[in-house]
Structures are given as C-alpha cells and as structure tokens.
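In case you want the letters, here they are:
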Amino acid sequence: SQTIHQWPATLVQPVGSPLSLECTVEGTSNPNLYWYRQAAGRGLQLLFYSVGIGQISSEVPQNLSASRPQDRQFILSSKKLLLSDSGFYLCAWSAGTSGSPGELFFGEGSRLTVL
Amino acid sequence: DAKTTQPPSMDCAEGRAANLPCNHSTISGNEYVYWYRQIHSQGPQYIIHGLKNNETNEMASLIITEDRKSSTLILPHATLRDTAVYYCIVRVAPGNTPLVFGKGTRLSVIA
C-alpha cells in the first residue's frame with residue numbers, strides 16, 4: 001500500500017532563518033506531488049506541484065521554493081523565513097497515470113511557527 | 001480560484017442525515033465533482049467523487065443534479081466525528097491539474 005510521510009511535524013524558526021520540509025511517498029512510482037499551506041483560520045492554498053523529477057510548477061509567487069530531486073521525494077525550502085510563512089504545510093500525492101480517479105492523499109502536515 | 005460555492009457553515013444533529021450542498025454552475029462536461037473533508041489539524045481526507053451519476057460508498061452518497069450544476073453530499077447518519085470542514089471541488093480527472101480548495105462548509109455535528 002502507498003504511504004506518505006512528511007517531517008518535521010512541528011517547527012519553530014526565527015525570522016530570516018532557512019527552512020526545509022521534506023516529503024516522501026512509498027509504494028507508488030511517478031506520483032504527482034503537491035505542497036499546500038493553510039494559514040491560521042484560512043483555507044488550503046496550493047503552493048507548488050510536480051508531475052515529474054525536476055518539474056515544478058509554482059502557484060503563488062513568494063520566498064518559498066520546491067524541489068523534486070527523486071521520483072518520490074518533494075522538498076519545500078526557504079532561504080529566509082518571513083512571519084507570514086507561519087502555517088500548516090501539507091504534502092500530498094496523486095497517481096500520475098491515465099485512468100486514475102485523481103484522488104489526493106495527504107501527509108500528516110508540518111506546523112511551522114515563525115517568530 | 002475555486003469554481004464552487006458552498007455555505008460557510010451548517011449544523012446537524014447526531015444520528016441525523018447531513019446534507020451538504022454545492023453549486024458548480026460553470027462545470028465543464030469533462031470535470032468531476034470531488035468531496036474532501038478536513039478534521040481540525042489534519043490533512044484533508046478524500047470522501048467521494050462523481051461525474052454524472054449518483055455515487056455511494058461506505059462514507060457518503062453524492063447526488064449530482066441532471067444538469068450537473070449542483071450536487072449534495074449526504075452523510076446518512078452523522079456522528080460527532082464527522083465534525084469537519086467539507087470541501088467540494090471540481091476538476092478534470094485524471095490529470096495533472098491540482099485540486100484547488102475553496103473555503104468549504106464547516107459542519108458541526110451536535111449531540
């Protein structure tokens with residue numbers, strides 16, 4: 001069966017510090033991968049998605065970046081965090097093959113607090 | 001931008017059916033209707049999806065109008081654990097286009 005893991009689960013970082021959140025998927029190949037963010041009291045905002053290694057689409061211009069160094073690994077990064085980067089970050093995957101129902105499966109989430 | 005409209009909140013008595021409406025008047029012929037829910041501090045959970053016909057699984061039923069401009073998610077016997085934000089989303093499936101979440105409906109199941 002397929003599983004998705006993301007870490008760390010909780011992170012407290014000072015303004016201006018770097019960020020690295022990691023996400024890995026097991027039990028499937030060539031998945032579509034996504035990063036979403038949910039600020040306190042707000043809806044889910046799509047940040048990045050990837051349909052293959054090295055292929056990243058950015059939905060929102062900001063100081064965050066994403067990379068996909070391996071087929072089942074997705075990394076969210078920042079060189080200098082802002083207060084507004086605080087939130088609940090969710091990684092998700094879906095089957096990239098034709099004929100799939102397009103369901104999204106989410107990780108446990110990473111709660112980032114920038115002070 | 002989300003292509004659906006949902007009421008911001010609803011209440012439902014425990015044990016009764018919860019009927020969550022969704023308007024998607026601009027839906028295209030090849031777009032599916034998806035429903036997800038998000039329990040506090042967790043990632044969203046897939047519930048059900050459909051194209052034209054009504055669908056039912058172990059979690060819920062999805063009723064889509066004949067003109068496909070609206071749909072209703074039905075939780076037949078709501079429990080306190082069904083309290084969550086419910087998202088109705090339309091998208092082409094399968095595909096590489098991501099799901100765009102709107103604000104959803106906050107369902108409160110009351111004992």
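Just so it is clear, the structure is predicted and the values come from calculations on it, not from any experiment.

Counting its regular elements, chain A contains zero helices and 11 strands. Reading chain A from its N end, one meets helices and strands in the order β-β-β-β-β-β-β-β-β-β-β. Here chain A has a C-alpha radius of gyration of 14 Å; the compact-globule value for 115 residues is 13 Å, and the two agree. Seen through its principal axes, chain A has C-alpha atoms that stretch 45 × 25 × 20 Å. Expressed as a percentage of its 115 residues, the buried residues of chain A come to 47%. Considering only contacts in chain A between residues 6 or more positions apart, those separated by 24 or more positions represent 56%. Each charge class in chain A was averaged separately, 7 positive and 7 negative side chains, and the resulting centres sit 10 Å apart.

Below, the discussion takes up the sheet that holds strand E4 (residues 45-50) of chain B. Residues and elements named next belong to chain B. Taken in spatial order, the five strands make up an open sheet running E1-E9-E8-E3-E4, and their pairing is mixed. Each of the sheet's edge strands pairs with one partner strand only, and the pair in question is strand E1 (9-13) and E4. Ignoring which end each strand starts from, the neighbouring axes of this sheet average 25° apart. For strand E3 (residues 31-38) and E4, the ladder comprises five bridges, and the chain directions are antiparallel. Counted as the bridge partner of Arg37 is Gln45 from E4.

Residue and element names in this part refer to chain A. With the rule as written, the count across this model stands at two disulfides over all chains. Residue Cys23 pairs covalently with Cys91 via a disulfide, S to S 2.0 Å. Between Cys23 and Cys91 the sulfur-sulfur dihedral comes to about -75°; the bridge is accordingly left-handed. Separated by 68 residues along the polypeptide, Cys23 in strand E3 (residues 19-26) and Cys91 in strand E9 (residues 87-94) bring together distant segments of the chain.

On to the layout of surface pockets, then. The rolling of a water-molecule-sized probe over the atoms marks out the regions of remaining empty space. In this structure, the largest pocket encloses a volume near 780 Å³. What lines the largest pocket is a set of 29 residues, and nearest its centre among them are Gln38(A), Ala39(A), Gly41(A), Arg42(A) and Gly43(A). For the lining of the largest pocket, the secondary-structure elements that each account for two or more residues are strand E4 (32-38), strand E5 (44-52), E9 and strand E11 (110-114) of chain A together with strand E8 (84-92) of chain B. Tallying contributions element by element places E8(B) first for the lining of the largest pocket, with three residues. Residues that form the lining of the largest pocket fall into these classes: 10 nonpolar, 14 polar and five charged.

Quick look at the side chain of Thr28(A) now. As for its placement among the helices and strands, Thr28(A) is situated in the loop between E3 and E4. Leave out the neighbours within four places in its chain, and Thr28(A) touches Gln2(A), Arg72(A) and Trp93(A).

Conventions adopted
Residues numbered from 1 in each chain as written. Chains lettered and ligands numbered in written order. Predicted model: local features only at pLDDT ≥ 70, side-chain atom pairs only at ≥ 80, totals over all residues. Heavy atoms only, no water. Helix = DSSP H or I, 4+ residues; strand = E, 2+ residues; numbered from the N terminus. Rg over C-alpha atoms; globule rule 2.2 N^0.38 Å. Buried < 20%, exposed > 50% of the residue type's maximum accessible area, 1.4 Å probe, protein only. Contact = heavy atoms within 4.5 Å. Lys, Arg positive; Asp, Glu negative; His and termini not counted. Charge placed at Lys NZ, Arg CZ, Asp CG, Glu CD. Pairing = 2+ DSSP bridges. Axes fitted to C-alpha atoms, helices over the stretch in contact; angles between N-to-C directions. Disulfide = S-S within 2.5 Å. 1 Å grid on protein atoms, 1.4 Å probe; cavity = no way out; pocket = protein on both sides within 12 Å on 5 of 7 lines; lining within 4 Å. Points joined across faces, edges and corners; volume = space filled by probe spheres on them. Nonpolar A, V, L, I, M, F, W, Y, C, P; charged D, E, K, R; others polar.

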